[in-house]
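What follows is the residue order along each chain.
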There are 2 protein chains.
Amino acid sequence: MPQLSISKRTRSTPYTDRVTKAGVKAYTVYNHMLLATVYRSLEEDYRHLKEAVQVWDVSCERQVELTGPDAGRLAQLMTPRDLSRQRIGQCLYAPTCDRDGHLLNDPVTIKRDEDRYWISIADSDVIYFAKGLAAGLGLNVSIQEPDVFPLSVQGPKATDLMVSVFGESVRGIKFFGTQEVEFGGRSHLVARSGYSVQGGFEIYLSGADLGWALWDTLMEAGKSLDVHAGCPNLIERIEGGLLSYGNDITWEHTLSETGLARFCQTVAPECVAYDALMTQTAPTRQLRYLQIDGPAMEPIATPIPLLDGQTYVGQISSVAWSPDYQTNVAIGVVDASHWSATDTLTASDQPVHILPGPIVMSQKTEKSIIA
Amino acid sequence: MPQLSISKRTRSTPYTDRVTKAGVKAYTVYNHMLLATVYRSLEEDYRHLKEAVQVWDVSCERQVELTGPDAGRLAQLMTPRDLSRQRIGQCLYAPTCDRDGHLLNDPVTIKRDEDRYWISIADSDVIYFAKGLAAGLGLNVSIQEPDVFPLSVQGPKATDLMVSVFGESVRGIKFFGTQEVEFGGRSHLVARSGYSVQGGFEIYLSGADLGWALWDTLMEAGKSLDVHAGCPNLIERIEGGLLSYGNDITWEHTLSETGLARFCQTVAPECVAYDALMTQTAPTRQLRYLQIDGPAMEPIATPIPLLDGQTYVGQISSVAWSPDYQTNVAIGVVDASHWSATDTLTASDQPVHILPGPIVMSQKTEKSIIA
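Chemist: For this particular structure, what's the right way to read the overall build of chain A?
Modeler: In terms of helices and strands, chain A carries 10 helices and 22 strands. Here the C-alpha coordinates of chain A stretch approximately 65 × 50 × 40 Å along the principal axes. With 371 residues in all, chain A has 62% of them scored as buried. Put simply, 67% of the contacts in chain A that link residues at least 6 apart link residues at least 24 apart. Carbon and sulfur atoms provide 50% of the accessible area of chain A, an area that totals close to 13,800 Å². Within chain A, the 44 negative side-chain charges are centred at a point lying 4 Å from the centre of the 31 positive side-chain charges.

Chemist: Just checking my understanding: could you explain the sheet that holds strand β10 (residues 116–120) of chain A for this structure?
Modeler: All names here are of chain A. Pairing is antiparallel across the open sheet formed by 5 strands, whose spatial order is β6-β9-β10-β5-β11. In the strand order of this sheet, the two ends are held by β6 (91–93) and β11 (142–144), each with one partner. For this sheet the average axis-to-axis angle between neighbouring strands, irrespective of direction, equals 20 degrees. Examined bridge by bridge, strand β5 (residues 63–67) and β10 share 5 bridges and lie antiparallel to one another. Of the residues in β10, the one forming a bridge with glutamine 63 is serine 120. Along the sheet face, helix α3 (residues 71–78) touches β5, β10 and β11 and points at about 30 degrees away from the line of β10.

Chemist: I'm lost on the relation of the copies chain A and chain B in this one. Help?
Modeler: What connects the two chain copies is a rotation about an axis and a shift along it. Mapping chain A onto chain B calls for a screw motion: a turn of 180 degrees about the axis and a shift of 0.0 Å along it, with 0.0 Å RMSD after fitting. Taken together, the rotation and translation describe the operation of a two-fold axis. Interface residue correspondence from chain A to chain B reaches 100%, placing this contact among same-surface, isologous pairings.

Chemist: Mind showing me how you'd approach the pairing of strand β3 (residues 33–38) of chain B here?
Modeler: Residues in a regular strand project their side chains so that they alternate between the two faces of the sheet. All names here are of chain B. Within β3, 6 of the 6 residues are buried, which leaves it mostly tucked inside the rest of the structure. Relative to β3, strand β2 (residues 26–30) runs antiparallel, the two sharing 5 bridges. Pairing of threonine 28 across the sheet is with leucine 35, part of β3. Following β2, the chain reverses through 2 residues before pairing antiparallel with β3; asparagine 31 in that reversal takes a positive phi of roughly 50 degrees.

Chemist: I would appreciate a short explanation of the pattern of salt bridges in the present structure.
Modeler: As a working rule, side chains carrying opposite charge can pair if their charged atoms are close by. A complete count under the given rule lists 38 salt bridges over all chains for this structure. Across the salt bridge formed by B:Asp98 and A:Lys131, the nearest N and O atoms sit 2.6 Å from each other. Linking B:Asp98 in the loop between β7 (96–97) and β8 (103–105) with A:Lys131 in helix α4 (residues 126–137), this pair reaches from one chain into another. You can call B:Asp98 buried: its relative accessible area is 2%. Here B:Arg18 makes a salt bridge to B:Asp17, at a shortest N to O gap of 2.5 Å. Owing to a relative accessible area of 24%, B:Asp17 belongs among the partly exposed residues under this scheme.

Chemist: How should I be thinking about the packing of α4(A) against helix α4 (residues 126–137) of chain B in this particular structure?
Modeler: In helix packing, the relevant descriptors are the interaxial angle and the interaxial distance, both defined with respect to the helix axes. At a minimum axis separation of 7 Å, α4(A) and α4(B) run at an interaxial angle of 30 degrees. Taken together, the axis directions place α4(A) and α4(B) in an arrangement best described as roughly parallel. For the crossing formed where α4(A) meets α4(B), the hand is right-handed. Note on element contacts: α4(B) touches α4(A) through B:Val126, B:Tyr128, B:Phe129, B:Lys131, B:Gly132, B:Leu133, B:Ala135, B:Gly136 and B:Leu137, opposite A:Val126, A:Tyr128, A:Phe129, A:Lys131, A:Gly132, A:Leu133, A:Ala135, A:Gly136 and A:Leu137. The residue inventory of the contact of α4(A) with α4(B), partitioned by class, reads 12 nonpolar, 4 polar and 2 charged.

Chemist: It is not clear to me how the interface of chain A and chain B should be interpreted in this structure. Could you clarify?
Modeler: Interfaces are often described in size by the accessible area the parts lose on coming together. Taken together, the contacts link 54 residues of chain A with 54 residues of chain B. Inspection of the chain A/chain B interface yields 4 salt bridges. Scanning the region where chain A abuts chain B turns up 42 residue pairs in polar contact (both at pLDDT 80 or more). Going through the elements one at a time, β1 (3–4), β2 (26–30), α4 and β19 (311–322) of chain A are the ones with two or more residues in the side of chain A that touches chain B. When residues of the side of chain A that touches chain B are assigned to their parent elements, the largest contribution, 11 residues, is made by α4(A). Counted by class, the side of chain A that touches chain B contains 25 nonpolar, 19 polar and 10 charged residues.

Rules used throughout
- Residues numbered from 1 in each chain as written.
- Chains lettered and ligands numbered in written order.
- Predicted model: local features only at pLDDT ≥ 70, side-chain atom pairs only at ≥ 80, totals over all residues.
- Heavy atoms only, no water.
- Helix = DSSP H or I, 4+ residues; strand = E, 2+ residues; numbered from the N terminus.
- Buried < 20%, exposed > 50% of the residue type's maximum accessible area, 1.4 Å probe, protein only.
- Contact = heavy atoms within 4.5 Å.
- Areas by Shrake-Rupley, 256 points an atom, 1.4 Å probe, with all protein chains shown as cover.
- Lys, Arg positive; Asp, Glu negative; His and termini not counted.
- Charge placed at Lys NZ, Arg CZ, Asp CG, Glu CD.
- Pairing = 2+ DSSP bridges.
- Axes fitted to C-alpha atoms, helices over the stretch in contact; angles between N-to-C directions.
- Least-squares fit on C-alpha atoms with pLDDT ≥ 70 in both.
- Salt bridge = Lys/Arg side-chain N within 4 Å of Asp/Glu carboxyl O.
- Parallel < 35°, antiparallel > 145°, perpendicular 65-115°, else oblique.
- Left-handed = near helix turned anticlockwise from the far one by under 90°.
- Nonpolar A, V, L, I, M, F, W, Y, C, P; charged D, E, K, R; others polar.
- Polar contact = N/O pair within 3.5 Å; in protein donor to acceptor, adjacent residues only side chain to side chain.

In structure tokens:
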């Protein structure tokens, strides 16, 4: 693995000092910001995430804050998901689409107030799309990236840790619900959410100055729960079917190709993608969850072609060896002609099987992983 | 230095195989794409760049292609620089501004045809700003990221190398001018430009399939010129005063704070930033070129405060030890109150001196480094 040159441009976070001291081994860059990818090893981190509780620096989940009379209108322009009944404090998984119906991001939109929204983004500059729309339409809205740095607490013991720090009330937060908590003399939003299927919370820390204190408090309180520093885990997120913008879904895909159209069953007529989405025909390719036979595969840097004999019928964008399922789990886009393929698909000369959903769904009942 | 996890999201380029074989030691991520930062060492790369010729994979200089009847209008909406007299084939350094007059990028805009522009971008998703404006205003324009991967040839022997591969005609390309060249049976744009002050060219390779062939051809042809793989060099670019978007200049800065207003002396009335730029008062802080005494400083990951005694009067965003000038060279933003400061500024407990311009300008006559 090559080294990463860190500069001001690949922004450090209020937790980077603690991430370093916790022994981070590798980073990626996400929204122009550092995001840890490995602490002990991909597999040790995975095992621990499924058994205990981890604290993740996900400051790179930047917020696009819309404030002002046209904040709600702008939020709705950017997503086909109907936001009209979103309650204050509610999180909604609300894909961002351009006017061609292509996917620009798959953020969580949080309604903070009637005229204030946070769009909690994946890896692309959604703020530029918002600025372009607001300028083009002359909207009365302020668009900022606020001084907010999410810290995620994930794992089966996440609730225990959060209760020990913030009190019993956080136990009552429903999935994709939020609550304000007090820390360091200020109020911070806490949501029951996060980029794992183990359950957990995201603390939207307001103000960089409290970063070390928040991290240290969670680590101290979690000692008896075997808390460790962690990060989004490639294996666990593929098992759980969590998509990665830039990997599995990109601006080259239409909403229906990504399968995210199911979150937008009533397309909001106000969104810029409306006309495109209303006239698009059925997708000729779409994202699928896959299983690849053979020996353990390494994480990939470039897509692997999905073949039927010598014919290209799709590509695999994410893959990892799953210790729990003892197979390679993967995500990829498959041509419609091969959605029902059995026994004919291969990748890297190994048989590939299309699963009906994420592999965790196939073997146990699991609550919907995204709202 | 920590490691970098490479995934599909941190896009590899048509040259990555060759970059790897050439012994790249470290990368950064730029426009969601790999960009080499070091081959032999920062100082060896620097020395060689100033004496010979290097081939740089700068595929991460992505193009935002605007095509259609409103392409010119959209290009002008995005920048305060007057594009009305831009000739076909001409490159212009044309800062992108939002409607508040803040800097979203500092790209080079290339007019390919009357209704076709390439915006050759620094590290931010300018394509999202374009998409937002086009959707908001209902513009008749197609906005794409084309399959174009710039390869840069930089150094005092760059012209010799280019002539040996593409023929004598490239010698006639003026600074920020362009020419079409033939390679691999296709036509590619070549500009006299690049992110160094040593002189050179950028080849806008059309089509990823020719990447290895172009790289190998240049390397083979350049053997007698001591050609090496290279990359933008931190030391050389600070000496030369080349700004880095995300480091020295960001969306937190207004155009005048970055000093780039000099490229937009007649602000185009059509641009979205017009009203803001017309009403903005003189900047209270602005970018300056600096010299820092004391021992050699290492590249920084976070800004260094610039102090007058105990008072914060700015911050340093880029710094490197310059072997040629035997001092630390730096770029930073300085409060207006201290633009004339002599002998009172410090950073990291060392005296800081404000230079009248990039250090290369102070010691020899140098042609303007950006058009």
